[in-house]
Structure formats: C-alpha cells, structure tokens
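Geometric and topological summary
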Amino acid sequence: MIEQTIFYILAAVALAGTLLAITEKHPVHAIMYLVTSLFSMAVIFYLLMAPLVAVFEVILYAGAIMVLFLFVIMMLDLGHPEKGISPHWKEWLPALLLSGISITSLAAIIVSRHATVSVCPAAQPIREVARRLFQEHGMAVELVSLQLLFALVGALYLGKAPSPPTTLPEKEVVKSPGEGVTL
Amino acid sequence: MTAFSLDITLFAIKLALVFFVILTLAAYLVFAERRILAWVQDRKGPNRVGPFGLLQPLADLIKLLTKEDVIPGAADRWLFYLAPAMAAIPAILIFSVIPFGAPLTIFGRNLPLVVADLNVGLLFFLSLSSIAVYGVAIGGWASNSKYALLGGIRGLAQLISYELSMGLSLVPIVMLSRSFNMADIVAAQATIPFIVYQPLAFIIFMLSITAECKRIPFDLPEAEGELVAGFHTEYSGMRFGLFFVGEYINIIVLGGLAATFFLGGWHGPLLPPTVWFSFKTLAVAFFFIWMRGTLPRLRYDQLMHLGWKVLTPLALVNILITGWWLALK
C-alpha cells in the first residue's frame, strides 16, 4: 500500500518533470526538470527491486549526460534559440511521420496486450526483469529507442548552419573571374 | 513493544545520532581547520570564544543565521535558492551507505551500524557524487555574475574530469572484494587493508577526492586570488553557510570512504570498531587540512593535464595489473 502510494507520487513527478522539460523554453531550467524526472524514475526502479538499474540511471543520465548538457549550455551561451525562425512545414513532415508511426505502434501493442500489469511485483531479481523486458516487451523497447533517432534528426536540424544569403557567393564569383572558385 | 516497532525505534535513534554527529563534526572541522592552519602559519587562530575558542562554531552559526540574505537583482531566483541545498544534501546522503562500526545486538535485535545496507553501496556513492556537481554549477550560473559563472564552469569541468579517475581507482577494490556492498568490502579487509595491495589506487583515489571536494591544491572553482570566491561569490548568510558546511561534510564523508575502501574500515586491534573508524576518518581529514597549509594552487591546464593524462591512464593500467594478478594467483 505504501509502496503503491510512493509509486504514484513518483510517477506523477516524473511525468510532470518531463512535460515541463519539453515545454520550458530556458535550456538550464529544462535540464533541471529533466534531472528531477530522471531521479523519480531511478526511485521507481528501486521500488521495482532493481537497485542496479536505479543507480545506473542516476550515474549515467542525471550524473553524466545531463551534466555535459549543462556544461555545453553554460559554455556556449546560446542566447535565445526559441526566437529563431520557425521551421517550414516540409521540415515538420518527417518528424510528424516518425512520431505518428511510433505512437500508432505503441497504441497497437498496448491494445493487443490487455494483460494484467502488476505495479509492484514481489522481489524480482535483475535477471528476471531483463528477461521479461527483452523477451516479452522487446518490440516496445525497440520502438522507444526510436526516440533517439528523432533526437538525432532534431539535433541535426538545430545544428545546421543558417543558409547564407544567395547574393554573396555570386559577388565573390564576379570578383575573381578566370580563377577556379575554391570554397 | 513488538519486534517491528523496536526495529523502527532503534533505526530512528541511529538516524538522529548519525545526523547529529556528522553536523557537529562538520562544524568543529571548520574550527579545527582554522586552528591547524594558524598553527602551520605560526599564528594563533580563533581562541577567544569560550575555552580555547571551542564555542567559535556556535558563534559563527549565530552570525550566519542572523545575517541578511542578499539575492542579486538579476539572479535566477529559484535556482539561486536551491543551489546550496543541492550541494549539501548529496554529501550527507553518501554517509548513509558507510558502515561505521561492527554490527551490534540490542534487546536481541540485530542492529547493523550503517544507515542503509545497500547491495550497490559503492555505486550509490558514485551516483551521488556525480549529482553533487549541480550545486556548484547551478549556484555559479544562477548568481548571474561573471566571477560566479567562471567558478561554476571550472567546478563542472573539474568534477567531471576527476569523477572518472575516482571511479576507475575503485574498480580494483570491487575486483578484490567481489562485491559492491560496503559491508562486504570492509569484511574483505578483516586481516589486511586494501592499501597494502593497492597503493597506487589509494594515491589516485586520494588525489581525486581532493579535487572532488575542491580543496587546495585543486580549489580552482573558488580560487580567492582570481575569482573573489568563485561559485559562491554572491551568496551570503546561511546560504553561504550551507555551501561551506556542505564542503566540510564532504571532507568527513570522503574521509570515511577512504577508510572504508582502503584503510580497513572499522577493523583494528584493541580499540572498539567505531573508534577505529573515527580515527581513520579524522586522519584523512587532517591530511586534507595539512595539504591546504602546505601546497600552492595548480593552474587550470595543469589540473586538466593531471586528471586526463596522468591519473586516468594510471588507473586503467592499475585495473589491468590487478586483473592479471588475480588471474595468475
């Protein structure tokens, strides 16, 4: 009973943290929300009798990856990326397509698998958790890991240098006639 | 009284005792540091409040609590409020996995002298020490001051770099004791402490924890000569006090960890286990203070050079040698 209450509190914190991390416009605040969410996830893993996963969640995600994010943001001083130009609808399309596929597949899996979901299984060794995760829910794990692809595409889009004004290269070509233009 | 409620009561007493001892010890470590530093530098140190100045920590506490809590106008309010707690809480939490004495038996109930006997105790320490970075970084960033930001960024880079060599220097300990559990690690050193087998790992660990708690010669995040006070330049009153006490709690906790991993934990002849543990912990703390009185500060590039090009490769080689030794034994 106590464990279930703690689970629901932590789940709510994790969901709220993730939601705020997505909607928050300030990158440092977004990171702090995400770290909160990761922490709650870690404690949920601990409740599920998987202390190793819980500790790795904190060491790897909250302690290493998020710290590096913070370091890069503090070093680079990105200014206000949210005030930049909004993407064209053609650039929205792949993201929409991929997330559509992923959400539909997840929904299909959940609907087809209306089995019992026990919130707090009795002491499960880590071997058993791994077996169930990758044998019974292998497809769902793969789908969730597709998220990394979305992040990659997003990072590529954000990191793409703004295309230079079209007039500049022409002027350079005009300035040096006869020579091969090397860029 | 049922067995269950007896267990709960004993646990609560243990928890309160640990909290009290750690916080008092941290306050008196500040006093000890000031006196020892004064002694090293041929001064007197604080000796006016109470006999031998022993009430100085209390006077400091009253001063810090009654001071005005200044918040810079352009600071990020919430993160500025939270950062000192983010620095101090992980330090206190790490102590929960350190066994500070042999298990006791009270009223027929078994009472292990450790707050939480986790089977991933060593990893729990690594995870919390990686979290402790946020206090420094966020404190420096939220102040919205150039000195504080520089201190925060330095702190981030330094803590990330030295966490690596610290984690790697502990791998041979796990290889020798075959467990992540702190109690098992202490039990494996019942006859011979690991410092005998792993002197190199001990040196790497000591250097890394000195950098982790930002002490001279690795105190670049708060370098007084260049950055005023580094990441806590803009803090005043008890918020500054929390950063400060957090640092000293960190020293005690890391001393306890060095004792647990390398110096045999609470094992020792004649004296009671808890006394041995306190003695080893305070010896490491004294070593930190002694270094502060002796060594100059490293330059930033020297710090990075030492971490990445010397300590990390050495720790990896040490793991390799330990592996060979264990395979051939």
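Bear in mind the structure is a predicted one, so any value in this text is a computation, not a measurement. Residue indices begin from 1 for each chain and proceed along its sequence in written order. Lettering for chains starts from A, numbering for ligands starts from 1, and both go in the order in which the items are written. Side-chain atom pairs in this predicted model are given and counted only at pLDDT of 80 or more, local residue features only at pLDDT of at least 70, and totals for whole chains, interfaces and linings cover all residues.

**Remarks on the overall build of chain A**
When its secondary structure is counted, chain A shows eight helices and zero strands. Each helix and strand of chain A, placed in order from N terminus to C terminus, yields the pattern α-α-α-α-α-α-α-α. Partly exposed residues are those whose C-beta has more than 12 but fewer than 20 other C-beta atoms within 10 Å; with 20 or more the residue is buried, with 12 or fewer it is exposed, and the C-beta atoms are placed from the backbone. Within chain A, buried positions represent 13% of all 183 residues. Contact between residues is assigned whenever the C-beta positions, reconstructed from backbone atoms, fall within 7 Å. Counted over contacts in chain A with a minimum sequence separation of 6, partners at least 24 positions apart contribute 60%. Every helix listed is a DSSP run of H or I at least four residues long, and every strand listed is a run of E at least two residues long, numbered separately from the N terminus.

**Considerations on the overall build of chain B**
The helix and strand inventory of chain B stands at 13 helices and two strands. Our radius of gyration looks at C-alpha atoms and nothing else; its globule reference is 2.2 Å times the residue count to the power 0.38. Relative to its length of 329 residues, chain B is compact, with a C-alpha radius of gyration of 20 Å against a globular reference of 20 Å. C-alpha extents for chain B along the principal axes are approximately 60 × 55 × 45 Å. With 329 residues in all, chain B has 45% of them scored as buried. Residue pairs at least 24 apart in sequence account for 77% of intrachain contacts in chain B once pairs closer than 6 positions are excluded.

**Topic: the interface of chain A and chain B**
Each partner contributes to the interface: chain A provides 15 residues, whereas chain B provides 18 residues. Listing elements by their share of the side of chain A that touches chain B, those giving two or more residues are helix 2 (27-47) and helix 3 (51-76) of chain A. It is helix 3 of chain A that contributes the most residues to the side of chain A that touches chain B, 13 residues altogether. Classifying every residue of the side of chain A that touches chain B gives 14 nonpolar, one polar and no charged. Think of it as three bins: nonpolar holds Ala, Val, Leu, Ile, Met, Phe, Trp, Tyr, Cys and Pro, charged holds Asp, Glu, Lys and Arg, and polar takes everything else, Gly as well.

**Here's the deal with the environment of Met238(B)**
Residues and elements named next belong to chain B. Looking at where Met-238 falls in the secondary structure, it is placed in helix 11 (residues 237-261). Exposure remark for Met-238: the 18 C-beta atoms within 10 Å place this residue in the partly exposed category. With residues up to four places along the chain from it excluded, the contact list for Met-238 reads Leu-64 and Leu-65.

**Description of the environment of Ser177(B)**
Residue and element names in this part refer to chain B. Among the secondary structure elements, Ser-177 is positioned in helix 6 (residues 146-177). Classification of Ser-177 as partly exposed rests on a count of 19 C-beta atoms within 10 Å. In this structure the C-alpha to C-alpha distance between Ser-177 and Leu-104, which are 73 residues apart in sequence, comes to 23 Å. When neighbours within four sequence positions are excluded, Ser-177 is seen to be in contact with Asp-184, Ile-185 and Ala-188.

**Comments concerning the confidence of the model for chain A**
Residues and elements named next belong to chain A. A residue's pLDDT is the confidence the predictor assigns to it, expressed on a 0 to 100 scale. Chain-level pLDDT for chain A is 76 on average; 72% of the residues reach the 70-or-more range. Per-element confidence in chain A ranges from a low mean pLDDT of 50 for helix 8 (residues 167-175) to a high of 89 for helix 1 (residues 2-23). Low pLDDT (under 50) marks residues 171-177, which in the prediction has two contacts with non-local residues, meaning those over four places away or in another chain.

**A few points about the packing of helix 3 (residues 77-94) of chain B against helix 5 (residues 133-142) of chain B**
Pairs of packed helices are described in terms of their axes, by the angle between the two and the distance that separates them. Residue and element names in this part refer to chain B. Helix axes are fitted only over the stretch in contact, all axes being lines through C-alpha atoms; the angle between N-to-C directions runs from 0 to 180 degrees. Running from N to C, helix 3 and helix 5 point in directions that differ by 155 degrees, and their axes come no closer than 8 Å. Judged by the inter-axis angle, helix 3 sits roughly antiparallel to helix 5. In the crossing of helix 3 with helix 5, the sense of the turn from one axis to the other is left-handed. Between helix 3 and helix 5, the contacting residues are Leu-79, Phe-80, Ala-83, Pro-84, Met-86 and Ala-87 on the first element and Tyr-134, Gly-135, Val-136, Ile-138, Gly-139 and Ala-142 on the second. Partitioning the contact of helix 3 with helix 5 into residue classes produces 10 nonpolar, two polar and no charged. An angle counts as roughly parallel when it lies under 35 degrees, as roughly antiparallel when it exceeds 145, as roughly perpendicular when it falls between 65 and 115, and as oblique in every other case. We call a crossing left-handed when the near helix sits turned anticlockwise from the far one by less than a right angle, and right-handed when that turn is clockwise.

**Describing helix 13 (residues 300-328) of chain B**
A turn of α-helix holds 3.6 residues, and therefore any two residues three or four places apart point the same way. Residues and elements named next belong to chain B. An ideal rise of 1.5 Å per residue puts 42 Å on 29 residues; helix 13 measures up with 41 Å between its terminal C-alpha atoms. Along helix 13, the residues that are buried comprise Leu-303, Gly-307, Leu-311, Thr-312, Ala-315, Asn-318 and Thr-322. For helix 13, the secondary structure elements touched by its buried residues are helix 6 and helix 9 (199-212). Residue count minus one, scaled by 1.5 Å, sets the expected span of a helix.

**Comments concerning unusual backbone geometry**
All names here are of chain B. Even without a glycine there, the phi angle at Phe-52 is positive, about 55 degrees. Counting through the fold element by element, Phe-52 comes out in the loop between helix 1 (3-40) and helix 2 (56-66). In this structure, Asn-144 is a non-glycine residue whose phi angle is positive, near 55 degrees. Mapped onto the elements, Asn-144 comes out in the loop between helix 5 and helix 6. On the basis of neighbour count, Asn-144 is assigned to the partly exposed category, with 15 C-beta atoms found within 10 Å.

**Describing the confidence of the model for chain B**
All names here are of chain B. Residues with a pLDDT of 70 or more make up 100% of chain B, whose mean pLDDT is 86. The lowest-confidence element of chain B is strand 2 (residues 109-111), averaging 74 in pLDDT; the highest-confidence one is helix 9, averaging 91. Interface confidence for the predicted complex, given as ipTM, is 0.81, next to a pTM of 0.79.

**Structural notes on the nonpolar core**
All names here are of chain B. Within the largest apolar cluster, 108 residues are counted, with the highest numbers of intra-cluster contacts made by Val-133, Leu-156, Phe-205, Ile-249, Ala-258 and Phe-261. Counting residues per element, this core draws most heavily on helix 11, at 14 residues. Not counting residues up to four positions away in its chain, the partners in contact with Phe-205 are Met-166, Ser-169, Leu-170, Ala-258, Phe-261 and Phe-262. Here, a nonpolar core denotes buried Ala, Val, Leu, Ile, Met, Phe, Trp, Tyr and Cys residues that are linked to one another through C-beta atoms within 7 Å.

**Brief notes about helix 9 of chain B**
Residue and element names in this part refer to chain B. A rise of 1.5 Å per residue sets the reference length of helix 9, with its 14 residues, at 20 Å; its end C-alpha atoms lie 20 Å apart and thus fit the reference within 8%. Burial of helix 9 is extensive: 10 of the 14 residues sit out of reach of the surface. Where the residues of helix 9 are buried, they touch helix 4 (121-131), helix 6, helix 8 (194-197), helix 11, helix 12 (273-294) and helix 13. Lys-214 lies just past helix 9 and shows a positive phi near 55 degrees.

**Overview of the packing of helix 3 of chain A against helix 4 of chain B**
One can describe the packing of helix 3 of chain A onto helix 4 of chain B by two numbers: an axis separation of 9 Å at closest approach and a directional angle of 20 degrees. Regarding the angle of helix 3 of chain A to helix 4 of chain B, the classification is roughly parallel. Helix 4 of chain B is crossed by helix 3 of chain A, and the crossing has left-handed handedness. Counting all contacts with helix 3 of chain A, which are made through Val55(A), Val58(A), Ile59(A), Ala62(A), Gly63(A) and Ala64(A), the residues of helix 4 of chain B involved are Leu123(B), Phe124(B), Leu126(B), Ser127(B), Ser130(B) and Ile131(B). Tallied by class, the residues present in the contact of helix 3 of chain A with helix 4 of chain B amount to nine nonpolar, three polar and no charged.

**Here we look at the environment of Arg43(B)**
Relative to the helices and strands, Arg43(B) is located in the loop between helix 1 and helix 2. Along the chain, Arg43(B) and Leu263(B) lie 220 residues apart, while their C-alpha atoms are 33 Å from each other.

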